[in-house]
Amino acid sequence: MTHVEDELTSQPECWIRAAAQADRHRGALPAPGERVAIVGCGTSYFMAQAAAALREGAGQGETDAFAASEFPHGRSYDRVVALTRSGTTTEVLDLLGQLRGRTRTTAITADPDTPVMAAADDLVVLDYADERSVVQTRFATTALTLLRAQLGLHTDAVVADARTALATELPEGLVGCTQFTFLGRGWTVGLANEAGLKMREASLAWTEAYPAMEYRHGPISITTQGTATWMLGEAPDGLAEQVRATGGLWIAGTLDPLAELVRAQRLAVAVAAARGLDPDQPRHLTRSVILAP
């Protein structure tokens, strides 16, 4: 078993721990009514997209998501939350340094022995969700679960669905597809982006991700026999039928969308294995991007 396989299978237990700790970390997490930005890089940026949509949708306050390198310094926020598994990512540390003394910051990280511990005002350490693999799985979903639980949006059913995602076979013919598109709506757009990233990182697959209603505006033109379109969450009316009419494989999201992401992680590993690739050694990637001064 690869590191990434071992880590992704541990997600239900990590989610249980994170949900149980949400109240303990309430003082470090955004309060109702605060204007908040959530930032990250790569996977953490896509989790920020999902968390921001969930928080604003729950009526907790205006919430934006940005890649750390694209933070708009002309805007005013009550709090900036940085998601960083490694605690060493250059863009995140640079941003926290620039915000020091003028905007309250919180870092959610996996490693308590990294520079981010001194860079942020408030800290949440999810060390039990840390990973050896370059390809992120459990830290990202555990951080999102923490934020989801703080909003009162996590239930035991989410964990049950994650276990189902780990225990059931992937749809027939899916691993052999040549192209994969992931679709989301609202908070699941971020999950769709992350599913596509997992496929690219682990299996070098041709993948794309879109808001579901945008799929008809051009991207559906690539759909044909041998391609797969996977919906995370509820699909727009008629879209499944349109995809099937092209000859493409339609995958409906029947589980909680976060559990659907676990299925997509499994697909990335399965496609890597089918192509003779090692998902623990993704091409051109390192566990953390640390730039020279």
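This text goes with the structure placed above it.
What counts, and where the lines are drawn
- Residues numbered from 1 in each chain as written.
- Predicted model: local features only at pLDDT ≥ 70, side-chain atom pairs only at ≥ 80, totals over all residues.
- Heavy atoms only, no water.
- Phe/Tyr/Trp six-rings, centres within 6.5 Å; stacked < 30°, edge-to-face > 60°.
- Buried < 20%, exposed > 50% of the residue type's maximum accessible area, 1.4 Å probe, protein only.
- Lys NZ or Arg CZ within 6 Å of the ring centre and 35° of its normal.
- Core = buried A, V, L, I, M, F, W, Y, C linked by side-chain atoms within 4.5 Å.
- Helix = DSSP H or I, 4+ residues; strand = E, 2+ residues; numbered from the N terminus.
- Contact = heavy atoms within 4.5 Å.
- Pairing = 2+ DSSP bridges.
- Axes fitted to C-alpha atoms, helices over the stretch in contact; angles between N-to-C directions.
- Right-handed = clockwise from strand over helix to strand, strands pointing away.

1. Concerning the packing of aromatic side chains
Next, step 1: Enumeration according to the criterion identifies 6 aromatic pairs in this entry.
Next, step 2: Taking 5.9 Å as the distance between ring centres and 85 degrees as the angle between the ring planes, the aromatic pair formed by Phe66 and Phe71 counts as edge-to-face. By the burial criterion, Phe66 is buried, and Phe71 matches it.
Next, step 3: Taking the centre distance of 5.8 Å and the plane angle of 50 degrees together, the rings of Phe71 and Tyr77 count as tilted.
Next, step 4: Residue Tyr77 is classed as buried on the basis of its relative accessible area, which comes to 6%.
Next, step 5: Feature note: the residues Phe66, Phe71 and Tyr77 constitute an aromatic cluster, connected by ring pairs.
Next, step 6: Above the ring of Tyr128, the side-chain terminus of Arg17 is found at 4.0 Å from the ring centroid.
Next, step 7: Sitting over the face of the ring of Tyr77, Arg35 holds its NZ or CZ atom 4.7 Å from the ring centroid.

2. A look at the nonpolar core
Next, step 1: Core analysis: the biggest nonpolar cluster contains 59 residues, and Ile108, Leu144, Phe180, Phe182, Leu191 and Leu267 have the highest contact counts within it.
Next, step 2: The element that contributes the greatest number of residues to this core is helix H10 (residues 257-274), accounting for 8 residues.
Next, step 3: If near-sequence neighbours (up to four positions away) are discounted, Phe182 is found in contact with Ala192, Ala195, Gly196, Met199, Thr207, Glu208, Ala209, Tyr210, Trp230, Leu232, Ala264 and Leu267.
Next, step 4: If you look at the next biggest cluster of nonpolar residues, it comprises 16 residues, including Ala82, Ala107, Ala119 and Ala120.

3. What to know about the side chain of Glu34
Next, step 1: Within the secondary structure, Glu34 is located in the loop between helix H2 (11-21) and strand S1 (36-40).
Next, step 2: The residues contacting Glu34, other than those within four sequence positions of it, are Arg55, Gln60, Gly61, Glu62, Asp78 and Arg79.

4. Structural notes on unusual backbone geometry
Next, step 1: The backbone phi angle of Leu204 is positive, close to 55 degrees, even though this residue is not glycine.
Next, step 2: Tracing the sequence through the fold places Leu204 in the loop between helix H8 (188-203) and strand S7 (206-211).
Next, step 3: A positive phi angle, near 70 degrees, is found at His284, a position not held by glycine.
Next, step 4: Here His284 shows up in the segment after H10.
Next, step 5: Judged by relative accessible area, which is 74%, His284 ranks as exposed.

5. Things to note about the sheet that holds strand S2 (residues 63-67)
Next, step 1: Spatial strand order, S2-S1-S3-S4-S5: 5 strands in an open sheet with parallel pairing. Here the strands that pair on one side only, and so sit at the sheet edges, are S2 and strand S5 (122-125). Between one strand axis and the next, the sheet turns by 20 degrees as a mean value, whatever way the strands run.
Next, step 2: Where S1 meets strand S3 (residues 79-84), 4 bridges bridge the pair, whose relative direction is parallel. Its bridge partner being in S3, Ile38 is matched across the sheet by Val81.
Next, step 3: Here helix H3 (residues 43-57) sits on the sheet and contacts S1, S2 and S3; the angle it forms with S2, its principal contact strand, is near 170 degrees.
Next, step 4: Against the sheet, helix H4 (residues 90-99) contacts S1, S3 and strand S4 (104-109), and its axis sits at roughly 160 degrees relative to S3.

6. Side note on the pairing of strand S6 (residues 179-184)
Looking down a regular strand, the side chains alternate between one sheet face and the other.
Next, step 1: Most of S6 is tucked away: 6 of the 6 residues are buried.
Next, step 2: Side-chain alternation along S6 places Gln179, Thr181 and Leu183 on one buried face and Phe180, Phe182 and Gly184 on a second face that is also buried.
Next, step 3: The sheet contact formed by S6 and S7 spans 6 bridges and is parallel. Paired with Gln179 across the strands is Trp206, a residue of S7.
Next, step 4: Considered for its hand, the β-α-β crossover made up of S6, H8 and S7 is right-handed.
Next, step 5: The pairing of S6 with strand S8 (residues 227-232) spans 6 bridges and is classified as parallel. Within the sheet, the bridge partner assigned to Thr181 lies in S8 and is Thr229.

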